[in-house]
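Commentary on secondary and tertiary structure
Here is how the chains run, residue by residue.
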Amino acid sequence: MAGDPNAPHFPRSAPIEAYGKGGFAFAGMSHRGSLLCLPDAIWAWDVSEPNKIDRYSLDRVFAAANSIDTLLVGTGTGLWLPPPALRQALKAVRVVLDTMQTGPAVRTYNIMIGERRRVAAALIAVP
């Protein structure tokens, strides 16, 4: 199950216009907290530190894996090495995992959606 489909979300992808101060701006709106950006929607993501990233927190990514080639993970202000089991689980559904700090992840995500690439981003909010 990929979370509550009726949970508040933005019903399409959109570039991230700004980030910082604990949130993000996109599509003329602001959001406080982390984001999970999928090809068909942007969701609030209840992860505030990289060690909370696991198969369960990325459930929506696994559910949408057939429309995603790359998952960018913005790890906040620090670096994070994903557990091998998570990397293998994503590889099994043909999703490449790329981790970096949130700033570079936002910039890379914006470029990739501008190129109409099949990308998703899990972005931890930064102060």
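An account of the accompanying structure is given in this report. (Residues numbered from 1 in each chain as written. Predicted model: local features only at pLDDT ≥ 70, side-chain atom pairs only at ≥ 80, totals over all residues. Heavy atoms only, no water.)

1. Some details on the sheet that holds strand E4 (residues 29-32)
To keep things clear, this is the line we draw: When DSSP finds at least two bridges between two strands, those strands are taken to pair. Elements are defined by DSSP. Helices are runs of H or I of four residues or more, strands are runs of E of two residues or more, and each kind is numbered from the N terminus. Axes here mean lines fitted to C-alpha atoms, for a helix over just the part in contact, with angles spanning 0 to 180 degrees between N-to-C directions. Here a residue-residue contact requires only that any non-hydrogen atoms of the pair lie within 4.5 Å.
Ordered by their spatial adjacency, 3 strands build an open sheet running E2-E3-E4, and the pairing between neighbours is antiparallel. Looking at which strands have only one partner, the edges of the open sheet turn out to be strand E2 (16-20) and E4. Strand-to-strand, the axes of this sheet are offset by a mean angle of 15°, without reference to chain direction. Sheet analysis places E2 next to strand E3 (residues 23-26), joined by 4 bridges and oriented antiparallel. Within the sheet, the bridge partner assigned to Gly-20 lies in E3 and is Gly-23. Across the face of the sheet, helix H3 (residues 102-114) comes into contact with E2 and E3 while running at roughly 175° to E2.

2. Quick notes on the environment of Arg-12
Let me state the cut-off plainly: For the exposure calls, accessible area comes from a 1.4 Å probe over protein chains only, and a residue counts as buried if that area is under 20% of its type's maximum, exposed if over 50%, partly exposed in between.
Tracing the backbone through its elements, the reader meets Arg-12 in the loop between strand E1 (9-10) and E2. When its relative accessible area of 47% is taken as the criterion, Arg-12 is described as partly exposed. Measuring from C-alpha to C-alpha, the distance between Arg-12 and Pro-39 comes to 6.8 Å, with 27 residues separating the pair along the chain. Excluding residues that lie within four positions of it along the chain, Arg-12 makes contacts with Asp-40, Ala-41 and Ile-42.

3. Looking at H3
Let me state the cut-off plainly: In a helix, the anticipated span is given by 1.5 Å times the number of residues less one.
The end-to-end C-alpha distance of H3 is 18 Å, a good match for the 18 Å that 13 residues give at a rise of 1.5 Å each. Buried residues of H3: Thr-102, Gly-103, Ala-105, Val-106, Tyr-109, Met-112 and Ile-113, and no others. Packing partners of the buried residues in H3 comprise E2, E3, strand E5 (34-38), strand E7 (70-74), strand E8 (96-100) and strand E9 (119-123). The first or second residue beyond H3 is Arg-116, which carries a positive phi of 60°.

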